[in-house]
Amino acid sequence: MAQNEDDVSAVSRRDFFKTVGVSGLATGVLAATEQQAQAAPGTLGPGPVPVRLTINGRPYNLHIEPRVTLLDAVRDHALLTGNKRVCDRGTCGACTMIVDGRTVYACSTLAIETQGKKIRTVEGLANGGTLHPVQEAFCDKDAMMCGFCTPGFVMATVALIEKFPHPTPAQIRHELNGNVCRCGTFNRVLEAAAQAGGVNHG
Amino acid sequence: MKAFAYVSPTTAKDAIAALKAGGIVRPLAGGQDLLARLKDYVETADTLVNVKQALDATVTPAGGGLKIGAAVTLDALSTNPHVIRMYPALAEAAAKVGSPQIRHQGTVGGNLNQRPRCWYFRQEEFVCFKKGGNRCFSVDGENQHHAIFGNDGPSKIVHSSSLAVPAVAYGARFVVAGPNGEREIPAAEYFTLPTMQNVKKENVLGDDELLTHVILPAPGHIRSGHYEVRFKESRDWPMAFATVVVTMNGANVASARVVLGAVAPTPWRSEAAERALVGKPLTQATAEAAAAAAVEGAKPMSQNAYKIQITKTAVVRAILEAAGKRA
Ligand SMILES: Cc1cc2nc3c(=O)[nH]c(=O)nc-3n(C[C@H](O)[C@H](O)[C@H](O)COP(=O)(O)OP(=O)(O)OC[C@H]3O[C@@H](n4cnc5c(N)ncnc54)[C@H](O)[C@@H]3O)c2cc1C
Ligand code: SF4
Ligand code: FES
Ligand code: FES
């Protein structure tokens, strides 16, 4: 997996250099080139176009059609397959990523629109071998069965804890209500969120 | 979904010009409605114009009221302190839409212009009046979520926007911009009942126009209440809801607006309910009388008579909330 990711960003970096040209490189300011791509007056596509994403702090230079969703770009092109595709219609939450600090359904967001934004997926949580406290809490509370909803729930919980470091039970329910678990592990997910946020359920 | 070209202009003028690109061009805001329709081939587009950078994403004071940009997200709307204080029903409606993820992406403009949720409309195979066909499948089909008012036209949808109902109740005006400049339309006149001529649309917006702002008039001494009857707490639309806005003269109601949602192809104003409130104190008994008046003349279809009862519940609870009497 790690090997794959490295391959992708190596290839992508080459594509990126090819597409931005010398002036983009000379300035060395990546943000400026992102802005150029966004503000370009011209229409892009429908064929593949360069799309530069910052996922978990790393640049990914993809060559994709404007219709490609953030979820498909991350899974099929950046090869980060942690977040899952279930309904693909914005109703289940399995694809939940954090973009510029807010949870979004990656299946219902175009990748091309997220250029210049900070995209966080479940792969970005662990620090080397150390799990993120939310991941830790999901393991402690055994808050999953098949695990398909888990990456989305974990991302929603991370966003919850960042918004409300010590959430009340009502805040937990409210912030996590965009995610569903087909296996019905809801109570344990709520317990995991409470543990991660230091709430005492008694 | 079919491949489309994409453009992201930075001014409203450029965005409006881009709508004329040729072929089928659609504005893309948060995409929470449009992308699903494209994926399901309910429609196809040759070009999407991302309007989020072109349109205003701020809430600003205007004439004692508020001017809300079409690109404001539902999350920003529902947490804006001015909106919460001046137009609490609008804040509440926004806060209940879909889910946190949908509210982070979904915008005011996209919410008000979202297309119907009628399940026949949403399935590619059912070519009904709204898609240029010659029948409405809901008449002899599954109509439990369809209209109980305004359903004698060709389409029996209920309007699916949660924001549209408080917008009408608060007397909002919509600013619409097109190639020939801007026009302002009262919210109540923006949404249209289906006729054979206009059935493919739910409002008066032209294909070359964008909704740019919602203007809310100075609230004065209004009181308002909002109640949504929902099957699930999240990831779904309300089954019936109501926004009530009143002004008081001492203990009695001086004027009232009662607008019902999810019961008709447009936000449905009930003048009968309003008459039942004026001159009366805001008590449980008046609320019940107004609710009974609100559902007078309802014409349920084969599977949706239950909406009469839940509409009454929504009206009673919205009135009691306006009265400050609902826990
Ligand atoms: C599971 C789920 C639950 C939902 N629950 C609710 C609910 O409870 N209540 C509710 O009201 N909605 C609900 N929605 C519907 C809707 O997706 C959101 O309310 C959202 O506000 C749509 O906004 P958007 O910016 O994402 O729109 P988009 O999908 O970008 O646009 C919607 C439509 O409006 C057009 N449009 C967008 N902006 C403009 C503009 N400025 N001028 C003219 N046309 C424009 C687009 O071309 C498109 O046809 C739900 C959706 C889902 C998937
Ligand atoms: S209610 Fe309207 S959208 Fe639904 S099938 Fe009938 S005509 Fe089509
Ligand atoms: S896959 Fe995105 S919400 Fe279900
Ligand atoms: S653990 Fe199986 S869907 Fe949640």
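The rules behind each value
What you see as residue numbers is a count from 1 along each chain, following the sequence as written. Note on labels: chains are lettered from A, ligands numbered from 1, in written order. Totals for whole chains, interfaces and linings use every residue, but because this is a predicted model, local features are given only for residues with pLDDT of at least 70 and side-chain atom pairs only at 80 or more, for both listing and counting. Note that the side-chain values use all heavy atoms of the structure and ignore hydrogens as well as water. Starting at the N terminus, helices and strands are each numbered in turn, a helix being any DSSP run of H or I of at least four residues and a strand any DSSP run of E of at least two. Throughout, exposure labels follow a simple rule: accessible area from a 1.4 Å probe, protein chains only, divided by the maximum for the residue type, with under 20% read as buried, over 50% as exposed, and the rest as partly exposed. N or O atoms within 3.5 Å of each other form a polar contact, as long as, within protein, one can give a hydrogen and the other can take it, and as long as residues adjacent in sequence are counted only when both atoms are side-chain atoms. Whether a residue is near a molecule or strand is decided by its heavy atoms; if any one of them lies within 4 Å of it, the residue is near. Every definition here rests on a 1 Å grid over the protein atoms only: cavities are sets of points where a 1.4 Å probe fits but cannot get out, pockets are open sets enclosed by protein on both sides within 12 Å along at least five of seven lines, and lining residues have some atom within 4 Å of a point. For a molecule to be placed in a cavity or pocket, more than half of its atoms must lie within 2 Å of the grid points of that cavity or pocket. Amino acids outside the nonpolar list (Ala, Val, Leu, Ile, Met, Phe, Trp, Tyr, Cys, Pro) and the charged list (Asp, Glu, Lys, Arg) are all regarded as polar, and Gly is one of them. A contact between two residues is defined here by any heavy atoms of the two lying within 4.5 Å. Summed over both partners, buried area is the accessible surface (1.4 Å probe) that two parts give up on being assembled. Salt bridge criterion: a side-chain nitrogen from Lys or Arg within 4 Å of a carboxyl oxygen from Asp or Glu. DSSP-based pairing: two strands are paired if at least 2 bridges between them are found. Structural elements are reduced to axes, namely lines fitted to C-alpha atoms, with helices fitted over the stretch in contact, and the angle between N-to-C directions of any two is expressed from 0 to 180 degrees. For the purposes of this description, domain bounds are those given by an automatic or database domain assignment. Handedness rule for crossovers: strands pointing away from the viewer, path from the first strand over the helix to the second running clockwise, crossover right-handed. Each accessible area value is a Shrake-Rupley result obtained with a 1.4 Å probe; residue values ignore everything except the protein chains displayed when judging cover.

A. Up close: the side chain of A:E113. Structurally, A:E113 is set in the loop between β4 (102-105) and β5 (118-120). Owing to a relative accessible area of 9%, A:E113 belongs among the buried residues under this scheme. At a separation of 2.4 Å, a polar atom in the side chain of A:E113 contacts the side chain of B:K52.

B. The site of ligand 2, seen in detail. Residues and elements named next belong to chain B. Lining the immediate environment of ligand 2, one finds 13 residues, of which C118, C128, C136, S155 and K156 sit closest. Spatially, ligand 2 is embedded in the largest cavity. Considered class by class, the residues forming the shell around ligand 2 number eight nonpolar, three polar and two charged.

C. Spatial organisation of the interface of chain A and chain B. With 32 residues of chain A in contact, the opposing surface of chain B contributes 33 residues. In total, about 2,700 Å² of surface goes out of reach between chain A and chain B, with carbon and sulfur atoms giving 53% of it. Our enumeration of links across chain A and chain B arrives at three salt bridges. Between A:R89 and B:D40 there is a salt bridge, and its shortest N-O distance comes to 2.6 Å. Counting across the interface, chain A meets chain B through 15 residue pairs in polar contact (both at pLDDT 80 or more). Those elements that provide at least two residues to the side of chain A that touches chain B are β4 and α6 (169-175) of chain A. Split into classes, the residues belonging to the side of chain A that touches chain B amount to ten nonpolar, 15 polar and seven charged.

D. Region of the structure containing the sheet that holds strand β6 (residues 173-178) of chain B. Residue and element names in this part refer to chain B. What the five strands build is an open sheet, ordered β4-β5-β8-β6-β7; its pairing is antiparallel. If you trace the sheet from one side to the other, it starts and ends with β4 (59-62) and β7 (181-186), each paired once. Here the strands of the sheet are splayed against their neighbours by 25° on average, with no regard to which way each runs. Pairing analysis gives six bridges linking β6 to β7, with the strands arranged antiparallel. Bridge pairing in β7 places V176 opposite R183.

E. Spatial organisation of the environment of B:A291. Residues and elements named next belong to chain B. Examined against the element boundaries, A291 turns out to sit in helix α11 (residues 284-294). Each C-alpha atom of the pair A291 and S161 lies 22 Å from the other, and the pair is 130 residues apart in sequence. If near-sequence neighbours (up to four positions away) are discounted, A291 is found in contact with K312, V315 and V316.

F. Focus on the domain arrangement of chain B. Residues and elements named next belong to chain B. We note that the domain assignment places domain 1 (5-52), domain 2 (59-113 + 159-216) and domain 3 (222-322) within chain B. The straight-line distance from the C-alpha centre of domain 1 to that of domain 2 is 18 Å. Contact residues are listed per partner, giving ten residues for domain 1 and 13 residues for domain 2. Carbon and sulfur atoms supply 71% of the area that domain 1 and domain 2 bury against each other, a total of about 960 Å² over both sides. Its largest share of buried area at the contact with domain 2, domain 1 owes to I16, L19 and Q32, together 47% of the area lost on that side. Along the contact surface separating domain 1 from domain 2 lie one salt bridge. Note that D208 and K20 form a salt bridge whose closest N and O atoms lie 3.8 Å from each other. At the boundary of domain 1 with domain 2, the tally comes to zero residue pairs in polar contact (both at pLDDT 80 or more).

G. The arrangement of the pairing of strand β2 (residues 25-28) of chain B in detail. Residue and element names in this part refer to chain B. Direction of pairing for β2 relative to strand β3 (residues 47-50): parallel, over a ladder of four bridges. In the sheet register, R26 faces β3, and the bridge partner there is L48. In the classification by handedness, the crossover that spans β2, the intervening helix α2 (residues 34-39) and the parallel β3 is right-handed.

H. Spotlight on the environment of B:L77. By secondary structure assignment, the location of B:L77 is in helix α3 (residues 74-79). Sequence separation between B:L77 and B:E92 is 15 residues, and the spatial gap between their C-alpha atoms is 9.5 Å.

I. Summary view of the site of ligand 1. Taken together, the neighbourhood of ligand 1 is formed by 36 residues, with B:P27, B:G31, B:L34, B:T107 and B:S162 sitting nearest. Flanking ligand 1 are residues from chains A and B. A distance of 2.9 Å separates a nitrogen atom of ligand 1 from a polar backbone atom of B:L211. A total of 980 Å² of accessible area belongs to ligand 1 in isolation, and the protein chains cover 97% of it. Every element with two or more residues in the shell around ligand 1 is listed here: β2, α2, α7 (108-112) and β8 (210-216) of chain B. Class assignment of the residues belonging to the shell around ligand 1 gives a composition of 14 nonpolar, 16 polar and six charged.

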